[in-house]
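# Observations on the model geometry
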Amino acid sequence: MPTKHVIYIDVDDTLIRSFGSKRIPIPSTIAYAREASAAGNPVYCWSRVGADYAREVATQLGIAECFAGFLPKPDIIIDDQLDGFLSHCEFILPLNAGGPVSSERVSRPAD
């Protein structure tokens, strides 16, 4: 059975680019969200602007059903593993999100 990954996808400059009041979808990230969700991965949409904004954008893009939840990005994190907190995460740039859900397009943070 393939490993499931918990995936968080940002809104601004990841799902969409904004020019004034115009929102331009980023197709590679939208496709990644669909594929990751269809593969059974829990996918969350988050934004510094807040959960309602994340849900609104996902709904406008027609992909709200891909997400297990909508969240604001945290301001404070309390955890016993702060050193290297995100060192286990894979980071994929929006334009590199096309293709199958895998680690091939991944950029890891420096140790």
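Description of the structure in this document. Just so it is clear, the structure is predicted and the values come from calculations on it, not from any experiment. (Residues numbered from 1 in each chain as written. Predicted model: local features only at pLDDT ≥ 70, side-chain atom pairs only at ≥ 80, totals over all residues. Heavy atoms only, no water.)

### Focus on the nonpolar core
Within the largest apolar cluster, 21 residues are counted, with the highest numbers of intra-cluster contacts made by Ile9, Val11, Leu15, Cys45, Leu61, Ile63 and Phe67. Looking at this core, the elements with two or more residues in it are β1 (7-10), α1 (27-38), β4 (43-47) and α2 (51-60). When sequence neighbours within four positions are dropped, the list of residues in contact with Leu61 reads Leu15, Ile16, Pro25, Ile30 and Arg34. (Core = buried A, V, L, I, M, F, W, Y, C linked by side-chain atoms within 4.5 Å. Buried < 20%, exposed > 50% of the residue type's maximum accessible area, 1.4 Å probe, protein only. Helix = DSSP H or I, 4+ residues; strand = E, 2+ residues; numbered from the N terminus. Contact = heavy atoms within 4.5 Å.)

### A closer look at the pairing of strand β2 (residues 16-19)
The pairing of β2 with strand β3 (residues 22-25) spans four bridges and is antiparallel. Counted as the bridge partner of Ile16 is Pro25 from β3. Linkage of β2 to β3, two consecutive antiparallel strands, is achieved through a turn of two residues, within which Gly20 is found at a positive phi near 65°. (Pairing = 2+ DSSP bridges.)

### Structural notes on α2
Considered for burial, the residues of α2 that qualify are Tyr53, Ala54, Val57 and Ala58. Along the long axis of α2, the arc covered by the buried residues comes to 130°, so they all point the same way. Away from its buried face, by an angle of more than 90 degrees, α2 presents the exposed residues Asp52 and Gln60. Looking one or two residues beyond α2, the residue adopting positive phi is Gly62, at roughly 75°. (Arc of directions from axis to C-beta.)

### Considering the pattern of salt bridges
This structure, assessed with the given rule, holds three salt bridges. In this structure, the salt-bridge partner of Asp10 is Lys73, at a minimum N-O distance of 3.3 Å. You can see Asp10 sitting in strand β1 and its partner Lys73 sitting in the segment after β5 (69-72), a full 63 residues away along the chain. The class of Asp10 is buried, set by a relative accessible area of 17%. Overall, the relative accessible area of 25% leaves Lys73 in the partly exposed class. Of the charged contacts, one joins Arg23 and Glu56 as a salt bridge, the two residues approaching to 3.1 Å between their closest N and O atoms. One end of the pair, Arg23, is in strand β3; the other, Glu56, is in helix α2, and 33 residues separate them in sequence. (Salt bridge = Lys/Arg side-chain N within 4 Å of Asp/Glu carboxyl O.)

Such coordinate-based values are descriptive only and should not be taken to indicate function.
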